[in-house]
Amino acid sequence: MQSIVLYCLFFTQSKVTAGSLDVHPTEKALVVHYEVEASILGESGGHMLGERKEGQKIIRVKSLSPSTDVGALAKKVVEECKLIPPSRLPQVEQLLYYLQNRKSSPVEGKEKRTVKPRELTPFEGMELNEEASITRVDEYVELLYEGIPEKIRGSALILQLARNPDNLEELLHNEAALGALARVLREDWKQSVELATIIIYIFFCFSSFSQFHGVVSHYKIGALCMSVVEHELKRHDVWREELRKKNKSAPENGSLRRDQDKAMRKYQGLLAKQEQLLRVSLYLLLNLAEDTRTELKMRNKNIVGLLVKVLDRDDEELLVLVVSFLKKLSIFLENKNDMAEVDTVERLARLVPCDHEDLLNLTLRLLLNLSFDSGLRGKMVEVGLLPKLTAMLGDESNRQVAMRILYHISIDDRFKGMFVYTDCIPQLMRMLYEHGEEEIEAELISICINLAANKRNAQLMCEGNGLKMLMKRALKMKDCLLMKMIRNISQHDGLTKPLFLDYVGDLAAEIRAEEEEEWVLECLGTLANLTIADLDWELVLKEYNLVPYLKDRLKPGSAEDDLILEVVIMIGTVSMDDACAAMLAKSGIIPALIELLNAQQEDDEFVCQIVYVFYQMVFHQATRDVIIKDTQAPAYLIDLMHDKNAEIRKVCDNTLDIIAEYDEEWGRKIQSEKFRFHNNQWLEMVESRQADDSEPYLYDNDNDRTDLFYSAGTLTSHFSRTLNDVRIFSHSTYRL
């Protein structure tokens, strides 16, 4: 039987269509998009099968500079690139002109510097003298089905291709290659560190671009990398334990010493290879963590604990990567809490300071993120970071970050006093002085304001001509924040307060209606703090005509509440002087205070300060008579005597005690009210008995109930006869 062979002729036809033309987002390059349409034609020329594929070509113009002839360069690009038709020459020229004038985006600090894995150093099995070709990928894939050496060679050749971004698109469509790589990694990563490192590096190249994250996730490379990192860290612990056992006993002869040296060299060789694997694996995970959902999966697998454990390593490139990863994670509360549980701050402390500039800057920025947590701030102080951060103030590149961390630490009253034992305050004062008439940066003045709230810090700030320099600059520039710092200094008793005597006039002169309220607020607050015995407040009030200003500002709504409150505090301060008290009484300020008390009765701070003014005024005859005879202030104080706020109750009781000593009528009312309040529970018990008992009431009629509140003698005589077993708080024994 004779076989018949049929020959069919097929022809292929391809058509390339140019698409859009644009500039590369980061490089000096043009990006040409195009579409390839491939068709298979039959013997008769009919269309049998077709396929379309999009692509792009990057044309790099590294020679482009400000002096380049853009027109000539555009012509050259069009001539050499067949994908760009001559008709698009004007567009090419326009895009090149844009690239020529495009400014590189400013790098904001060291934080924005790209952290890339260091180039893999050649190790055994990776030394390749041949150059990989994209057309021979199938040959390299076949090597992945051989032994470990062949797998290393095949994956290394594919890595050469993957490190060129232009090849990634082609490799992406080669599912056989990616599938084989993922399979080999999954099956053999424990057998060869070199093989695992190379294959993970290949997938790392894909992870560097967000659009390729899907393929990395598809092959579950991220989960595999987590397993690799965890396993390698456990292996490292085993190595260290074995090395410790060998070094535990002192070598008695040269042979033992040689064994130890050999073990150390072996450990260092293994460590170098392991750190390359860790670096590539962690960087791949960092790239995938762009997706917060993927990051959450990593957290559930204890990524924070693994990263913190790597902080004990000495490889700076690896540490840069780990600290960058931790810094990214630290912006989420759950990750921050995880870091607090695994002694992250203690491990970071050894990296401050360090010689590696990027590592130091990243470590400080991670500490800045962690310093928002009060407990972690305490850890920073505990491990001795405060003097180290203070030393960073002299480093221009890291000063701002260090200052922000110090600011967060200075917020906590527990640590303000710790700054005394560092060189921080002299440095801050020197920096303030060096600013001259320039605006002071927010971080610097904020730290100073916080630290000035501590008495010992305030004394250090005033040493030498410190206070003089601060006052001179604040008054000249009308710097509200600097005056706030001075105001904090002025609140401390002791050596600092008398220093302000020279500046009372300057401060009083600033209290005018035409000045900005915020500025007046700080000046007034500073004056109000000056409770100095030698200060003649009467002279100050008269010379600068402050009484009308103070009275006008007491009107509700006349100014911001903060300023009105400072006016009240100021009145309390000057009321300690007898002559000033008389002047205030004549001016009609006391009724204004009562009106303000009515308006601000829900604000505890206002109420407390106004009551304190009454407390100061009742010490003086002139103001005491006005308060007792001409106003209802004692009645308001009686109402406030049982306020929920303990400070208000305390000031009210003290004020009422003084009023009771000088006025018998008010004394009886005050005593009766105190008595009634402290026996209130007993009275309620008696009333409940009367409601439940069918016996006659203890009183003849309801009118006698008034004696229950105001007649102490009647109250005692009735109740002591009826219930001798109930204790009465008598007026003679009750005294605050």
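Per chain, the residues get numbers from 1 upward, laid out in the order the sequence is written. In view of the model being predicted, local features appear only for residues whose pLDDT reaches at least 70, and side-chain atom pairs are presented and counted only at 80 or more, with totals across whole chains, interfaces and linings using the full set of residues. As a rule here, side-chain values cover all heavy atoms of the structure and leave hydrogens and water aside.

As recorded in an unreviewed UniProt entry, the protein chain goes by Kinesin-associated protein 3b and comes from Amphiprion ocellaris.

Participant: Would you mind going over the confidence of the model for the protein chain in detail, with residue names and values included?
Facilitator: Detailed reading of the predicted coordinates is not advisable wherever pLDDT falls low. The quantity known as pLDDT measures the predictor's confidence residue by residue, on a range of 0 to 100. Of the residues in the protein chain, 85% reach a pLDDT of 70 or more, and the chain-wide mean stands at 84. It only takes one pair of heavy atoms within 4.5 Å for two residues to be counted as in contact. Every residue in residues 1–11 scores below 50 in pLDDT, and together they form eleven contacts with partners more than four places removed in sequence or on other chains.

Participant: Tell me about a negative patch on the surface, and name the residues and values.
Facilitator: Together, Glu-516, Glu-517, Glu-518, Glu-560, Asp-561 and Asp-562 line one region of the surface with negative charge. The set of elements that each furnish at least two residues to the negative patch consists of helix H27 (517–528) and helix H30 (561–574). Considering the arrangement of structural elements, one finds Asp-562 in helix H30. Without a salt bridge and with relative accessible area above 30%, a residue can belong to a patch; like charges are then joined within 9 Å and nonpolar side chains (Val, Leu, Ile, Met, Phe, Trp, Tyr) within 5 Å. Method for areas: the Shrake-Rupley scheme with a 1.4 Å probe, in which residue coverage is limited to the protein chains shown. When a carboxyl oxygen of Asp or Glu is within 4 Å of a side-chain nitrogen of Lys or Arg, the pair counts as a salt bridge. Here the positive residues are Lys and Arg and the negative ones are Asp and Glu; neither His nor the chain ends is included. Charged side chains are reduced to one point each, which is NZ for Lys, CZ for Arg, CG for Asp and CD for Glu. Where helices and strands are cited, they refer to DSSP runs of H or I of at least four residues and of E of at least two residues respectively, numbered from the N terminus.

Participant: Mind laying out the nonpolar core, listing which residues take part and the relevant values?
Facilitator: Take the buried residues of types Ala, Val, Leu, Ile, Met, Phe, Trp, Tyr and Cys, join any two whose side-chain atoms come within 4.5 Å, and each joined set is a nonpolar core. Throughout, exposure labels follow a simple rule: accessible area from a 1.4 Å probe, protein chains only, divided by the maximum for the residue type, with under 20% read as buried, over 50% as exposed, and the rest as partly exposed. Grouped together as the largest cluster of nonpolar side chains are 200 residues, with contacts concentrated most on Leu-432 and Met-485. Here the element with the most residues in this core is helix H7 (residues 193–207); it accounts for twelve residues. Apart from residues no more than four positions distant in its own chain, Leu-432 is found in contact with Ile-440, Leu-444, Ile-445, Cys-448, Met-469, Leu-470 and Met-485.

Participant: Which residues make up the packing of aromatic side chains, and what values go with them?
Facilitator: Two rings from Phe, Tyr or Trp (for Trp, the six-membered ring) form a pair when their centres sit within 6.5 Å of each other. Planes less than 30 degrees apart are called stacked, planes more than 60 degrees apart edge-to-face, and all others tilted. Counted according to the given criterion, the structure contains seven aromatic pairs. Seen from their ring centres, Tyr-612 and Tyr-615 are 6.1 Å apart, and the 35 degrees between their planes marks the pair as tilted. Taken as a pair, Tyr-612 and Tyr-615 lie in helix H33 (residues 604–617) at a separation of three residues, close to a single helical turn. Ring pairing ties together the aromatic residues Tyr-201, Phe-204 and Tyr-283, which thus form one cluster. Sitting over the face of the ring of Tyr-662, Arg-624 holds its NZ or CZ atom 3.7 Å from the ring centroid. A ring has a charge above it when a Lys NZ or an Arg CZ is no more than 6 Å from the ring centre and no more than 35 degrees off the ring normal.

Participant: Please provide a residue-by-residue account of unusual backbone geometry, values included.
Facilitator: Residue Pro-353 is reached from Val-352 by a cis peptide bond, and omega for that bond is -5 degrees. Residue position: Pro-353 is located in the loop between helix H15 (344–349) and helix H16 (357–370). Here the phi dihedral of Lys-220 falls at roughly 55 degrees; this positive angle occurs in a residue that is not glycine. You can see Lys-220 is positioned in the loop between helix H8 (213–218) and helix H9 (221–248). Phi at Asn-545 is positive, roughly 50 degrees, even though this residue is not glycine. Within the fold, Asn-545 resides in the loop between helix H28 (537–543) and helix H29 (546–553). Given the relative accessible area of 52%, Asn-545 is considered exposed.

Participant: Break down the side chain of Thr-363 for me, with residues and values.
Facilitator: Note that Thr-363 resides in helix H16. With a relative accessible area of 0%, Thr-363 lands in the buried category. Leave out the neighbours within four places in its chain, and Thr-363 touches Val-323, Leu-348, Leu-351 and Val-352.

Participant: Quick rundown of the environment of Gln-160? Include the residues and the values.
Facilitator: In this structure, Gln-160 sits in helix H4 (residues 148–162). C-alpha separation for the pair Gln-160 and Ile-134, spaced 26 residues apart in sequence, amounts to 9.6 Å. Identification of polar contacts relies on pairs of N or O atoms within 3.5 Å, with a donor-acceptor requirement for protein atoms, meaning one able to donate a hydrogen and the other able to accept it, and with residues adjacent in sequence counted only if both atoms are side-chain atoms. There is a polar contact of 3.4 Å between the side chain of Gln-160 and the backbone oxygen of Glu-130.

Participant: Outline the pattern of salt bridges, listing residues and values.
Facilitator: Enumeration according to the criterion identifies 32 salt bridges in this entry. Note that Asp-314 and Arg-350 form a salt bridge whose closest N and O atoms lie 3.8 Å from each other. Linking Asp-314 in the loop between helix H12 (303–310) and helix H13 (316–329) with Arg-350 in the loop between H15 and H16, this pair joins segments that are 36 residues apart in sequence. Since its relative accessible area comes to 63%, Asp-314 is described here as exposed. A salt bridge links Glu-396 to Arg-399; the nearest nitrogen and oxygen atoms lie 3.5 Å apart. What makes Arg-399 partly exposed here is its relative accessible area of 23%.

Participant: Tell me about the layout of surface pockets, residues and numbers included.
Facilitator: One water molecule sets the probe size; rolling that probe over the atoms shows where empty space is left. Buriedness for pockets is judged along seven lines, at least five of which must meet protein on both sides within 12 Å for an open set on the 1 Å grid over protein atoms alone, while cavities are sets there where a 1.4 Å probe fits but cannot get out, and lining residues have an atom within 4 Å of a point. Grid points are joined across faces, edges and corners, and a volume is the space filled by probe spheres set on the points. Considering only enclosed or pocket space, the second largest pocket measures out at about 310 Å³ in volume. Taken together, 14 residues line the second largest pocket, and the ones lying closest to its centre are Ser-217, Gly-222, Ala-223, Thr-294 and Lys-297. Contributions of two or more residues to the lining of the second largest pocket are made by H9, helix H10 (254–288) and helix H11 (292–300). Amino acid classes used here: Ala, Val, Leu, Ile, Met, Phe, Trp, Tyr, Cys and Pro are nonpolar; Asp, Glu, Lys and Arg are charged; the rest, including Gly, are polar. Here the residues of the lining of the second largest pocket sort into six nonpolar, three polar and five charged.

Participant: Before we move on, can you summarise the packing of helix H31 (residues 578–587) against helix H34 (residues 621–630) with the specific residues and values?
Facilitator: Close contact between H31 and H34 brings their axes to 7 Å; oriented N to C, the two are set at 35 degrees. Contacts between H31 and H34 involve Ala-581, Ala-582 and Ala-585 on the former and, on the latter, Ala-622, Thr-623 and Val-626. Between the N-to-C directions of two axes lies an angle of 0 to 180 degrees, each axis being a line fitted to C-alpha atoms and, for a helix, fitted only over the stretch in contact.

Participant: Which residues make up the packing of helix H32 (residues 589–599) against H33, and what values do they have?
Facilitator: Orientation of H32 relative to H33, taken along the N-to-C sense of each, is 155 degrees, at an axis distance of 10 Å. Compared by their axis directions, H32 and H33 come out roughly antiparallel. For the element pair H32 and H33, the recorded crossing hand is left-handed. Two secondary-structure elements touch here, H32 through Ile-590, Leu-593, Ile-594, Leu-596 and Leu-597 and H33 through Phe-606, Val-607, Ile-610, Val-613, Phe-614 and Met-617. For classification purposes, angles smaller than 35 degrees are called roughly parallel, those larger than 145 roughly antiparallel, those between 65 and 115 roughly perpendicular, and all remaining angles oblique. Crossings are assigned a handedness: left-handed for a near helix turned anticlockwise from the far helix by less than a right angle, right-handed for a clockwise turn.

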